[in-house]
Amino acid sequence: MMLTSRLFAIFIKALWVLQLLFPRVLSLDDTSIVQVIELSSPNIGHGMNNMLMGQSLHSFLTSLVSFGDLSRRQKKVILNMSISTSNMFVSSSEVFATEESKQALRDYLYDEIDAGSMEKETAEIIASTMSLGGLVPSDDKMDIEAGETIASMLSLGGLYPEEESANSASLVEGNLVAGPVGSDYTGNGNVVRLGRSNTFTSTASSGYNGIWGYAVGDREYALQCHGEGLNILDVTDPSNIFRVQFVAMQGGGYWRDAATHYDNASGKTYAYVGAQGTQGGGTSPNLFVFDLSHLSGDSPHSVDSNPIPSGGNGYLNLGQTGYTHTINVARGLLFLNFAGSAQGCRVYDLTANPMSPKYLFRTAGSGRDCHDSYVLEDVNGKDLMITSDGSGRCQRIWDITNVDSSWSSGLPPIIGQTNQISGIYAHSNWVSEDKRYLFSFEENNQIDMSVHDISDPTSPIHITTFQYADNDKNNALPHNGEVRGQYLYVAYYEAGLRVFDISNPYTPYEVGKDETHRDPNGDGSFTQSIRGNMIGAWNTYPFLPSGNILVSDFVNGLFVVRASSPYSAPSVPTLTAQRDGSDNVMLSWSTVANARGYAVERSSSVNGTYTMIAEHLVSSTYQDTSTRFQTVFYRVRAVNGEGSSVSTIISSVGSSSPPSNSPSKQPTKKPTATCVASKQPCPSQGASLCCSKRCSKGKCR
């Protein structure tokens, strides 16, 4: 006989009350509590109220205890609170779902901090995981420029009642929340929908998720994940998408992901598909490997012809149950990203036998969730793994240069990390093609997206945060993004696919979209609204040789779109120069249409080598204070995602050499040391190279 969910809730609350009244007669320890929670009603949808991901609250807290961050007493109190403040006992995604319950947990964390019983970092980890908003105690506030204060974060607002909630003009740890980006396109901008496939009826607890692409010969395929399993779709002709093979898999209703590995030894490409969570059915969300050499590169397969056989010559179930929240493959290594500190990122070697990955290490540790990872190769001779560490509220940079099949040295070193931002959940990241800029995405609806200058990976510089163009009107959550060329393609949940020109990473600019969630039929009619839920565009894949872009929407299936050039390269700016009273060179130039930024280049001779002395400028003036009494030559470059144009070369004007040392004349002025002028982007070496020796909000002050 089964109790209804309402009766079950009443029954469990009665037990909890009895425990309070008669603790010696009836005592629920933490194991009993978690059993009560796990026996509760099934998941009611993907509108998550926390970032437990595939973990239960019990397992999350147990990890904190194992790291020495949390006491058993504190663990028990929080588990008790999850029962006492909830209206009903539902799945892990609904624990601490109400404003009342969140406030109660916040108050408890503050009490523990004030009593000296809990470290602030532990409280921040819990707050991030339970989506409580930012925890910024007053004694940690930074003294920034006059008139500026660190605002409290979104969601629950500030930690203390007297603090105001943040908005698009708030400051986060000293960095301006830039808010929605600029945009001037009409319709869908530079994006055109080419085709769509929707083979399953998705439910609130089982839908489409990860997506990857594969090309061989003249054919292109989509590897689209779903709670039911894996779809292999022929997308060569986007107007006629058809399924080649389906492989049923357990779990993965929310979290299944795919990536490919090219094996140099065999010349074959292998796909790895892993999952986490029991949503979608079954208790074994396992890792699978597929030998993709069975897919045709010329003649099309028949619909559902299942060309990849089961077994060692085709595809295998590798086990590794529940480790894959997301997946990544690079430089012969497989990364199973667990999205929880108990495992972190599990790393395997693929070079010895791609059909049987060899386990090497895991990055488990306090705040090292590894929700996702990205590998950056050959950065000054080093290979780097960048982990988005969830409740750790940052991206960590690991040196994996020496990690190979023979690795047995434990954890590789962490050589850098981005600034921790209170309240965010560090979800995923991608790096620009020039390896200079890290784009990261957070899922707690605090800042959405961040950009860091990682020219020096040991000391990342946070240069801006941004949101999609309509975020002020329709507050949506970003999920995942990828960079191709000078464009960033973001699966923005209910806002669909959003495309940004990132040729100036200080001021990204939106150029196109596809409304996969609100307008799945593509007729211009919105059938859904944006409510800030985790539903809609889940993942993108913009790397097919054809240039077509794959978008996986949680409910509406696969979309194939194309992004054309949003505009032409900028026209040539007209440059002028003059000297001021201190013999500084004052440059100015004409603004040109569609320029996203300007760079100033300088040379000591007209036909010499030109060195960039300033970049990513949005104004049309620049002061050079380092070439007094010298003849130098300048040119200005206007830049956007489609390319650049360069002005004619112009020489400096005014004094071209130092005055004579004759006693009848004024003493010679000595050239000043080279420094970066006020309001220009901070140099990667830090504030010491600013003329003012101060750096704030990514600019010299």
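See the structure shown above.
Please read these numbers as outputs of a predicted model, since none were measured by experiment.

A. Structural view of the state of the cysteines. Applying the stated rule across the entire model yields 0 disulfides. The thiol of C345 is unpaired, and the distance to the nearest cysteine sulfur, on C370, comes to 3.7 Å.

B. How the structure looks around the sheet that holds strand β32 (residues 585–589). The antiparallel open sheet is built from 3 strands, whose spatial order is β31-β32-β35. With partners counted over all chains shown, the strands left at the sheet margins are β31 (575–579) and β35 (621–624), one partner each. Looking at each pair of strands side by side, their axes are set apart by 20° on average, direction ignored. Looking at chain direction, β31 and β32 are connected through 5 bridges and run antiparallel. What sits directly across from Q578, in β32, is M586.

C. Broad picture of the environment of V511. The topology assignment puts V511 in strand β27 (residues 509–514). V511 gets classed as buried once you look at its relative accessible area, which sits at 4%. Counting along the chain gives 322 residues from V511 to G189, while the straight-line C-alpha distance between them is 5.8 Å. When sequence neighbours within four positions are dropped, the list of residues in contact with V511 reads Y185, G189, N190, Y487, V499, D501, P566 and Y567.

D. A look at the environment of L350. Among the structural elements, L350 can be located in the loop between β14 (345–349) and β15 (358–362). Along the primary structure L350 and V329 are separated by 21 residues, whereas in three dimensions their C-alpha atoms are 9.2 Å apart. Not counting chain neighbours up to four residues away, the residues in contact with L350 comprise H261, Y272, V329, G332, L333, L334 and P357.

E. Quick peek at the pattern of salt bridges. Going through the model one piece at a time under the given rule, you end up with 19 salt bridges. For the salt bridge of R219 with D234, the shortest nitrogen-to-oxygen distance reads 2.9 Å. In this pair, R219 is assigned in strand β5 (residues 219–226) and D234 in strand β6 (residues 229–234), connecting sequence segments 15 residues apart. In terms of burial, R219 and D234 fall into one category: buried. Where R637 meets E601, a salt bridge forms, and the shortest distance between an N and an O atom there is 3.0 Å. Of this pair, R637 sits in strand β36 (residues 633–640) while E601 sits in strand β33 (residues 597–603), and the two are 36 residues apart along the sequence. Of the residues examined, E601 reaches a relative accessible area of 5% and is grouped as buried. Counted as one network, the salt bridges with shared partners bring together R498, E510, K513, E515 and R518.

F. Quick peek at the environment of G416. Tracing the backbone through its elements, the reader meets G416 in strand β19 (residues 414–417). Owing to a relative accessible area of 8%, G416 belongs among the buried residues under this scheme. For the pair G416 and I386, spaced 30 residues apart in sequence, the C-alpha to C-alpha distance is 9.4 Å. Look past the residues within four positions of G416 in its chain and what remains in contact with it is Q395, R396, I397, P457 and T458.

Cut-off values and rules
Residues numbered from 1 in each chain as written. Predicted model: local features only at pLDDT ≥ 70, side-chain atom pairs only at ≥ 80, totals over all residues. Heavy atoms only, no water. Disulfide = S-S within 2.5 Å. Pairing = 2+ DSSP bridges. Helix = DSSP H or I, 4+ residues; strand = E, 2+ residues; numbered from the N terminus. Axes fitted to C-alpha atoms, helices over the stretch in contact; angles between N-to-C directions. Buried < 20%, exposed > 50% of the residue type's maximum accessible area, 1.4 Å probe, protein only. Contact = heavy atoms within 4.5 Å. Salt bridge = Lys/Arg side-chain N within 4 Å of Asp/Glu carboxyl O.

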